[in-house]
Amino acid sequence: VEYDATAWPRRVERRYRLVPTICFNCEAACGLVAYVDKASGKIQKLEGNPYHPGSRGRNCAKGPATINQVTDPERILYPLKRSGPRGSGQFERTTWDEVIATFAARIRKALVEGRRTEVMYHVGRPGHDGYMDRVLQAWGVDGHNSHTNVCSAAARLGYVTWSGADRPSPDHARAKFILLISSHLETGHYFNPHAQRIIEGKMAGAKIATVDVRLSNTASMSDWWIAPHPGTEAALLLGFARVILAEGLEDRDFLRRWVNWREWLAAKHPSRERAFETFLDLVRKEYDLFTPEWVAGECGVDAKTVREIGRAIGEAKSAFASHVWRSAASGNEGGWQVARCLLFLNVLTGS
């Protein structure tokens, strides 16, 4: 695909071809355009693509910096093998045939000898559409590792156990209340499209609460900055849920339609009436422990603040927007429960 330079919203010299591309730093594909010199065929610069619906032409710093990966004089252009002691930095050029023959022999030997746990596949960002997983499974190897494992895997697990989908897309622009746990304005990366829409929501009157142990730039621009003890974010979220339930702020129509409350009653309380009101009463009792005062002791957050934010989330109903990706979910043992507790707020508010 090539853009017509004469239709481009910015003035472009005729010597460039405009070629849509993507930044190599993340899978968001925020939308970049490469300015390719027609005479030399070389990329001169990269900038945002104003036609892209996600980024709308605004990129984080990594996007335009992608040209460094194309022109860096130290980039690796062919396979290398170590020629000196480990750590010496001494390498020599080799061939792909030698690479494949060497590693295939070592992998085969491990498989034949039953040492499958000694084989691991690591890739930066998975882009193989499941092919490598099939290869590993054919070998009987459970050794797939990637950037996702240490970035978003915990949050994805929490989300998928609730709804079967692992990557929600909050509507920040039309929100009345925005709760930020990891998608902060200044973090760049593929939260750039989020940042734009969070600002749109703020300009339209949305309230923002930022959960962060540090006073980040985003926290300084928020209506509430909450700095809980690290690792207690799930408890904080359950405190908000308890406020919503205790004050009757839940979206009953949404719960009645989308929550499997009949099955829950049958499994947990088989002797009770299969009525929606019975379900609500029992759920309130289930979460009655997580009072704002309990949260204060657990998280180090003022009980009044817990009550204020929980109430604001409940009052926002379906216009509540939130998301967790890294941060609390990936940085703590059991962090996947943060995503589960957060999605519970979405369920209670019908958002």
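Please refer to the structure higher up on the page.
Residues numbered from 1 in each chain as written. Predicted model: local features only at pLDDT ≥ 70, side-chain atom pairs only at ≥ 80, totals over all residues. Heavy atoms only, no water.

Let us look at the packing of aromatic side chains. For the structure shown, the criterion picks out 12 aromatic pairs. Relative to F344, the ring of W162 lies with its centre 6.0 Å away and its plane at 20 degrees, an arrangement referred to as stacked. Residue W162 is found in helix α5 (residues 153-163), and its partner F344 is found in helix α14 (residues 336-349); the two are separated by 182 residues along the sequence. Given the relative accessible area of 35%, W162 is considered partly exposed. Overall, the relative accessible area of 8% leaves F344 in the buried class. Measuring from centroid to centroid gives 4.8 Å for Y287 and F344, while their planes differ by 35 degrees, and the two rings are tilted. A residue pair is termed long-range when its members are at least 10 positions apart, and Y287 in the loop between α11 (276-286) and α12 (292-299) and F344 in helix α14 qualify at 57 residues. We classify Y287 as partly exposed; its relative accessible area is 23%. Among the aromatic residues, those joined into a cluster by ring pairs are W162, Y287, F290, W294 and F344. When the ring centre of Y35 is taken as reference, the NZ or CZ atom of K45 above it lies at 4.7 Å. (Phe/Tyr/Trp six-rings, centres within 6.5 Å; stacked < 30°, edge-to-face > 60°. Helix = DSSP H or I, 4+ residues; strand = E, 2+ residues; numbered from the N terminus. Buried < 20%, exposed > 50% of the residue type's maximum accessible area, 1.4 Å probe, protein only. Lys NZ or Arg CZ within 6 Å of the ring centre and 35° of its normal.)

Residues of strand β11 (residues 320-323) alternate between two faces, with F320 and S322 on one and A321 and H323 on the opposite face, all of them buried. Both strand β8 (residues 177-180) and β11 contribute to a ladder of 4 bridges, which runs parallel. Bridge assignment links L179 to a residue of β11, and that residue is S322. (Pairing = 2+ DSSP bridges.)

Residues F177 and L179 point to one face of β8 and I178 and L180 to the other, with burial holding for every one of them. Judged from the 4 bridges that link them, β8 and strand β9 (residues 207-211) form a sheet pairing that is parallel. Bridge assignment links L180 to a residue of β9, and that residue is T210.

As a further point, take the sheet that holds strand β2 (residues 32-37). Pairing is antiparallel in the open sheet, where 3 strands are placed in the order β1-β2-β3. At either margin of the open sheet sits one strand with a lone partner, and together these are β1 (16-21) and β3 (43-48). Within this sheet the neighbouring strands show an average axis-to-axis angle of 25 degrees, counted without direction. Pairing geometry for β1 and β2, over 6 bridges, is antiparallel. (Axes fitted to C-alpha atoms, helices over the stretch in contact; angles between N-to-C directions.)

One can describe the packing of α5 onto α14 by two numbers: an axis separation of 7 Å at closest approach and a directional angle of 45 degrees. It follows from the interaxial angle that α5 and α14 lie oblique. Considering the relative orientation of α5 and α14, their crossing is right-handed. Within the contact between the two elements, α5 uses A154, A155, L157, G158, Y159, T161, W162 and S163 and α14 uses W336, A339, R340, L342, L343, F344 and V347. Of the residues assigned to the contact of α5 with α14, the class counts are 11 nonpolar, 3 polar and 1 charged. (Parallel < 35°, antiparallel > 145°, perpendicular 65-115°, else oblique. Left-handed = near helix turned anticlockwise from the far one by under 90°. Contact = heavy atoms within 4.5 Å. Nonpolar A, V, L, I, M, F, W, Y, C, P; charged D, E, K, R; others polar.)

Moving on: the sheet that holds β9. As summarised here, the arrangement of the 4 strands in space is β10-β9-β8-β11, forming an open sheet in which the pairing is parallel. The open sheet has two free edges, formed respectively by β10 (224-226) and β11, since each of these has just one partner strand. For this sheet, the mean inter-axis angle between neighbouring strands, taken without regard to orientation, is 15 degrees. Set on the sheet, helix α13 (residues 303-316) makes contact with β8, β9, β10 and β11; between it and β8 the angle comes to about 125 degrees. Where α14 meets the sheet, its contacts fall on β8 and β11, and the angle it forms with β11 comes to roughly 165 degrees.

That is the geometry; function is a separate question.
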